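# Notes for the structure review
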Amino acid sequence: MPRIELSSGPIDYQDTGGEGPVLVFGHGLPMNETQWRKVVPLLDGYRCVLPTLPLGGHRQPMKPNADLSQRGVARLLGEFIEGLGLDQVTLVLNDWGGGQFLVSEGRDQHLARLVLVACEAFDNFPPGPAKAMAQVCRVPGGVWFLTRLMRVPAFRHSRGGYGGMSLRGVPDEIMDDWFAPATRSRAIRRDFAKFATGAPGRRTLLAWSERLRDFDRPVLVVWATEDRLMPREHGPRLAELYPQGRLVEIAGSSTLIPEDQPERLAQVLTEFLIRTGAEPVRKVS
């Protein structure tokens, strides 16, 4: 897997290559690029770039002094995009919504459009059920304890936790991969805790959200109708916040729409890209 060295440490990433428009995909806590494994193969003609951000599922630890707050990771994502020389990027987020803060941080110059798929927004950082996990991560040894709990099937598949993020259910081997780095590495657990506890207060989050009105480029908001983490009303509210926002709701899905409804998501995403001038580039045989 390719790797780029950034100011906070190394970032692994996947890159499908090609001459098509560039799509950069974010992921959730403590997930990685496999969150999009069902969707990317359906996006022929696009260059898909999938960084493994330091949200606890990353395989190489960050520097001890790395800023892994919501703002810090957003800025790191911007540095990643610049470091690879990417431009006119479509940024696609699911679960983690902090990539939106590239706008409030004034680091959105390389973004052509946003796709917000059932993600954190407004003051929902972290989402309701995840707030308890954030409190656990504040306690010394809390992340270690969490990784052990995730080995217990009843906890792992609880509808009030990770089991509630997908109606289909995330395969055990995928979830094992997400939690493996924090299970084996103290430094990764340190990074996990930094990010999990790195959201600012409600007033700050809402102030940052107001700045998103400045992003006058196409925005697709894709919301799940059966989501336990992202409030249903946040979908239309986000679409209204962005000057060029458009809402599509997808039934039969919880937060992880790429897991529950990958075909429908790929269809909606492709239609949006074509409608806003990002035509796929097909290989000539």
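The rules behind the values
Residues numbered from 1 in each chain as written. Predicted model: local features only at pLDDT ≥ 70, side-chain atom pairs only at ≥ 80, totals over all residues. Heavy atoms only, no water. Salt bridge = Lys/Arg side-chain N within 4 Å of Asp/Glu carboxyl O. Helix = DSSP H or I, 4+ residues; strand = E, 2+ residues; numbered from the N terminus. Contact = heavy atoms within 4.5 Å. Buried < 20%, exposed > 50% of the residue type's maximum accessible area, 1.4 Å probe, protein only. Axes fitted to C-alpha atoms, helices over the stretch in contact; angles between N-to-C directions. Parallel < 35°, antiparallel > 145°, perpendicular 65-115°, else oblique. Left-handed = near helix turned anticlockwise from the far one by under 90°. Pairing = 2+ DSSP bridges.

Here we come to the pattern of salt bridges. Counting across every chain of the model gives 17 salt bridges. Across the pair Asp-172 and Arg-156 runs a salt bridge whose closest N-O atoms are separated by 3.1 Å. Separated by 16 residues along the polypeptide, Asp-172 in helix α6 (residues 172-184) and Arg-156 in helix α5 (residues 153-156) bring together distant segments of the chain.

We now examine the environment of Cys-48. Mapped onto the elements of the fold, Cys-48 is located in strand β4 (residues 47-51). Each C-alpha atom of the pair Cys-48 and Thr-225 lies 27 Å from the other, and the pair is 177 residues apart in sequence. If near-sequence neighbours (up to four positions away) are discounted, Cys-48 is found in contact with Gln-14, Asp-15, Thr-16, Leu-23, Phe-25, Val-40 and Leu-43.

For the rest of this paragraph, the subject is helix α7 (residues 186-196). Listing the buried residues of α7 in full gives Ile-188, Arg-189, Asp-191, Phe-192, Ala-193, Phe-195 and Ala-196. Buried positions along α7 lie against α1 (70-83), α3 (130-138), α4 (142-149) and α6.

Between α4 and α6, whose axes approach to 9 Å, the crossing angle comes to 140°. By the angle between their axes, α4 is oblique relative to α6. Between α4 and α6 lies a crossing of left-handed hand. Residues Val-143, Thr-147 and Arg-148 of α4 form the contact with α6, whose participating residues are Phe-179, Ala-182 and Thr-183.

On to the sheet that holds strand β5 (residues 89-95). One open sheet holds the 8 strands; their spatial order is β1-β2-β4-β3-β5-β6-β7-β8, and the pairing between them is mixed. With one partner strand each, in any of the chains shown, β1 (3-6) and β8 (245-250) form the two edges of the open sheet. Each strand axis lies, on average, 20° off the axis of its neighbour in the sheet, ignoring direction. Note: β5 against strand β6 (residues 111-119), 7 bridges, orientation parallel. Across the sheet, Val-89 pairs through a bridge with Leu-111, a residue of β6.

What follows concerns the pairing of strand β7 (residues 219-224). Most of β7 is tucked away: 6 of the 6 residues are buried. Burial along β7 is two-sided: Val-219, Val-221 and Trp-223 facing one way and Leu-220, Val-222 and Ala-224 facing the other are all buried. Note that β6 and β7 share 4 bridges and pair parallel. Paired with Val-115 across the strands is Leu-220, a residue of β7.

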